[in-house]
Amino acid sequence: MNTTSRTAQQPQLRRAPPAANPFAGQHRRRLRRADLLTVVAWASVAAAVALWLADGGASGFATAAGAFTAAGIVAGLAGMDLVLLMLLLAARLPVIDATVGHDRALEFHRKLGKPSLYLLLAHGVLLAIGYGLAEGLNPVSEAVSLWVLVPDMWLAFVSLALFVAVVVTSLVAVRRRFPYEFWYGVHLLTYAAVLTSLPHQFSVGGLFAAGTWQRWYWLAVCIATGAALLHYRVLEPVVATFRHGLRVSRVVAAGHGAVSIEMTGRHVDELAGSGGRFFIWRFLAPGQWWHPHPFSLSAEPAQMDADGGGRLRITVRNLGRGSASLARLRTGTRVAVEGPYGVFSTAARSRRHMVMVGAGIGITPLRALLERTPFAPGDATVILRGHDSSGLYLADEILDLCQRRGAALFHLTGRRPPGVDTWQPEAEARAGYRLASYAPRLADADVYVCGPAGWARNVLEDARRAGVREEQLHYERFDW
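Below you will find a few notes about this structure. What you see as residue numbers is a count from 1 along each chain, following the sequence as written. Where totals are concerned, whole chains, interfaces and linings use all residues; where local detail is concerned, this predicted model gives features only for residues with pLDDT of at least 70, and gives and counts side-chain atom pairs only at 80 or more. Heavy atoms throughout the structure, all of them, feed into the side-chain values; hydrogens and water do not.

Attention shifts here to the overall build of the protein. Along its length, the protein carries 17 helices and 13 strands. Each residue gets one of three labels from its accessible area relative to the maximum for its type: buried under 20%, exposed over 50%, partly exposed in between, using a 1.4 Å probe on protein chains only. Expressed as a percentage of its 480 residues, the buried residues of the protein come to 48%. Contacts: residue pairs with any heavy atoms within 4.5 Å of one another. Within the protein, counting contacts between residues at least 6 apart in sequence, those at least 24 apart form 75% of the total. Exposure was quantified through the Shrake-Rupley algorithm and a 1.4 Å probe, taking into account, for residues, occlusion by the shown protein chains and nothing else. Working note: accessible area of the protein is about 22800 Å², and carbon and sulfur atoms make up 62% of it. Every helix listed is a DSSP run of H or I at least four residues long, and every strand listed is a run of E at least two residues long, numbered separately from the N terminus.

Shown next, in the form of structure tokens:
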């Protein structure tokens, strides 16, 4: 029988006197960076169109054929700029990652997918209409003529088809029908779509004619985007893998279908996750080397010797074919690593007080965050949620940390009430408990939430109803 329990552990420590908020400065700087990045993104779209207008593009609107052609060019310029922004959002640039977090960067990346596709489709259709009006052909005949007669134009059609494939496979309904590996492989076609879209832009017509500002602008933007992708998605992970030389030292059971994977390597202090920031791991074993795993550390790196050798640990649960195979890793298996990524860490703090809420395997990043993030005794509350005590992963370690650091700890176990959409067990939900019941200073605290998506959504809504602002909510899906 499942039971519901609530356990609080709060040492009777002397409360620190009220002090100024030590995180106010970093919070303001982060907001300013976010505003600046937003301005730069919109300015890039405006610049693409403005350069075309400055080069006499507006004169094309004098005739019907010219108006369709000009509108098609504007749609193409804006669409291509959005595609390059999508690539930069997925490039794991440190300034973007440290400002909005990896998951939100990818959320913006996905949101730009449909608008960019619609603009590129409009680009093709409008140009076919405009060119067709000028030559006395219908749009279909004009499109065929462009494919057959114009150099590099067939690559533009291939590029558009690839963009359609990428956007369609990104839809949630489609993604759920295929394994992640299939979707990820198709998604890599974005790079092929961009490469095949470039030749016709520079070789067809006089849009990017040699010596024009437009040509230099687009060359610079494309080269910078490609360099960013190559550096942060390829070179840095390769360098990090060889520099740290990580190997699996042991795999131990962590309870209820979970295992802790311990690794040893060089200079592991440089891989400090700053709490719940996550890494992308590839275990270089047969059948596994191609499968990336996004996991945060479940403990901060431990130094073992003066030469920089140390130990890392991640804790994972059997949630699918990929994660299940990790329990069978052999000692000595080499590990490739990328990261850390995200802002589920002290870098996101905006208040002195903090509340950490975790469920299931989502508890493990909280354990690492609790270990290092600064707070005074009495300024932190930790809430762990599980169906039963076996689902409270690393509970003993978290209890020890809470006792040593002066944090309040609550264990919430038991099933949810039937027919009620809540993050709490049945007894607490029916008794009218809210998130603020466990953390009275909730409205003036940073709230870190990690767990299943639906459950986390309920926690975040509870926090919002208690007056917590969006800037104080920190929930990161360890996705890529």
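Having put the structure on the table, let's press on.
Let's shift gears to the packing of helix α13 (residues 363–372) against helix α14 (residues 395–405). Here the axes come from fitting lines to C-alpha atoms, over the contacting stretch only for helices, and the angles between their N-to-C directions go from 0 to 180 degrees. Interhelical geometry of α13 versus α14 gives an angle of 25 degrees and a closest axis separation of 10 Å. Taken together, α13 and α14 sit at an angle that is classed as roughly parallel. Regarding α13 and α14, the two cross each other, and that crossing is left-handed. Only Glu-397, Ile-398, Leu-401, Cys-402 and Arg-405 of α14 make contact with α13, whose side of the interface consists of Ile-363, Arg-367, Leu-370, Glu-371 and Arg-372. Throughout this description, any angle smaller than 35 degrees is read as roughly parallel, any larger than 145 degrees as roughly antiparallel, any in the 65 to 115 degree range as roughly perpendicular, and the remainder as oblique. The handedness criterion is simple: a crossing whose near helix is rotated anticlockwise from the far helix by less than a right angle is left-handed, and one whose near helix is rotated clockwise is right-handed.

Aromatic contacts are taken between Phe, Tyr and Trp rings whose centres are within 6.5 Å, Trp giving its six-membered ring; a plane angle under 30 degrees counts as stacked, one over 60 as edge-to-face, and the others as tilted. Under the defined criterion, the tally for this structure stands at eight aromatic pairs. Relative to Trp-218, the ring of Tyr-217 lies with its centre 5.6 Å away and its plane at 85 degrees, an arrangement referred to as edge-to-face. Between Phe-410 and Tyr-438, the ring centres sit 5.2 Å apart and the planes meet at 65 degrees, which makes this aromatic pair edge-to-face. Remark: Tyr-438 occurs in helix α16 (residues 435–438) and Phe-410 occurs in strand β11 (residues 408–413); sequence separation between them is 28 residues. Take Phe-410 and Tyr-438: they sit in the same class, and that class is buried. Through successive ring pairs, a cluster of aromatic residues spans Phe-410, Trp-423, Tyr-433 and Tyr-438. The ring of Phe-375 carries the charged tip of Arg-405 above its face, separated from the ring centre by 4.0 Å. In our convention, an over-ring charge means Lys NZ or Arg CZ found within 6 Å of a ring centre and within 35 degrees of that ring's normal.

Moving on: the environment of Val-238. By secondary structure assignment, the location of Val-238 is in helix α11 (residues 213–244). According to the relative accessible area criterion, Val-238 is partly exposed, its value standing at 41%.

Let us now look at the sheet that holds strand β4 (residues 278–283). Sheet strands line up and pair through hydrogen bonds in the backbone, either parallel or antiparallel. Taking strand neighbours across the sheet as the criterion, the seven strands line up as β5-β4-β8-β2-β3-β7-β6 in an open arrangement whose pairing is antiparallel. Each end of this open sheet is capped by a strand with a single partner; those strands are β5 (293–296) and β6 (299–303). Recorded for the sheet is a direction-independent mean angle of 35 degrees between the axes of neighbouring strands. Paired strands are those between which DSSP finds at least two bridges. Both β4 and β5 contribute to a ladder of four bridges, which runs antiparallel. The partner of Ile-280 across the bridge, within β5, is Pro-294. Here α11 sits on the sheet in contact with β2 (246–255), β3 (258–266) and β8 (334–341), set at roughly 125 degrees to β8.

With that settled, consider α11. Expected helix span is given by 1.5 Å per residue-to-residue step, counting one fewer step than there are residues. The first and last C-alpha atoms of α11 sit 44 Å apart over 32 residues, in line with the 46 Å expected at 1.5 Å per residue. The bend at a residue is defined as the angle formed between two axes, one fitted to the seven residues ending at that residue and one fitted to the seven starting there. Within α11, the axis deviates most sharply at His-231, by approximately 35 degrees. Downstream of α11 by one or two residues, Gly-245 has phi in the positive range, about 50 degrees.

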